[in-house]
Amino acid sequence: MLEDFRPGGLDLADAVYLRSDLLIIDDIAMVKANTEWAIEQIYRVIDDRRRNGRATIITSNEQPAQLKTLLNEQIVSRIGQSC
């Protein structure tokens, strides 16, 4: 997903990830979200889908507290509110 949002990536990334009826993110803890840009993209997708009532399934082997460390508290909060 992140590669698709990078310059030169998928032209229709917003349509695919923000507007599809269902988005499944398998093992979100495996995301190499070690940059501010990556965190912003993940947040943008999850928050937009939550605000627009679009179905999202997210899996992880990590507990929410560990996800807060790997991603950030705002992302985990949005997941808890809607996924």
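Refer to the structure above for everything that follows.
What counts, and where the lines are drawn
- Residues numbered from 1 in each chain as written.
- Predicted model: local features only at pLDDT ≥ 70, side-chain atom pairs only at ≥ 80, totals over all residues.
- Heavy atoms only, no water.
- Helix = DSSP H or I, 4+ residues; strand = E, 2+ residues; numbered from the N terminus.
- Buried < 20%, exposed > 50% of the residue type's maximum accessible area, 1.4 Å probe, protein only.
- Contact = heavy atoms within 4.5 Å.
- Lys, Arg positive; Asp, Glu negative; His and termini not counted.
- Charge placed at Lys NZ, Arg CZ, Asp CG, Glu CD.
- Core = buried A, V, L, I, M, F, W, Y, C linked by side-chain atoms within 4.5 Å.
- Salt bridge = Lys/Arg side-chain N within 4 Å of Asp/Glu carboxyl O.
- Patch = residues over 30% accessible without salt bridge, like charges linked within 9 Å, V, L, I, M, F, W, Y side chains within 5 Å.
- Areas by Shrake-Rupley, 256 points an atom, 1.4 Å probe, with all protein chains shown as cover.

## Some words on the overall build of the chain
Right, so step 1: Of the regular secondary structure elements, the chain holds five helices and two strands.
Right, so step 2: For the chain, the α and β elements follow one another from N to C terminus as α-α-β-α-β-α-α.
Right, so step 3: Reported as C-alpha extents along the three principal axes, the dimensions of the chain are approximately 35 × 25 × 20 Å.
Right, so step 4: Among the 83 residues that make up the chain, the fraction classed as buried is 35%.
Right, so step 5: Nonlocal contacts in the chain, meaning residues at least 24 apart in sequence, comprise 73% of its contacts between residues at least 6 apart.
Right, so step 6: Looking at charge distribution, the chain has the averaged site of its 10 positive side-chain charges lying 5 Å from that of its 13 negative ones.

## A word on the nonpolar core
Right, so step 1: Of all hydrophobic cores here, the largest spans 20 residues; its most connected members are Ile28, Ile42, Ile46, Leu71 and Ile75.
Right, so step 2: Elements with a contribution of two residues or more to this core: α1 (2–5), α2 (13–17), β1 (22–25), α3 (36–51) and α5 (73–82).
Right, so step 3: If one sorts the elements of this core by residue count, α3 sits on top with five residues.

## With respect to the pattern of salt bridges
Right, so step 1: Counted by the stated rule, this structure contains six salt bridges.
Right, so step 2: Among the charged side chains, a salt-bridge network with shared partners connects Asp47, Asp48, Arg50, Arg51 and Arg78.

## Here we look at a nonpolar patch on the surface
Right, so step 1: Side chains of Leu10, Leu12 and Val16 sit close together on the surface and give an oily, nonpolar patch of about 260 Å² of accessible area.
Right, so step 2: In this structure, Leu10 sits in the loop between α1 and α2.
Right, so step 3: Assessed through its relative accessible area of 39%, Leu10 is described here as partly exposed.

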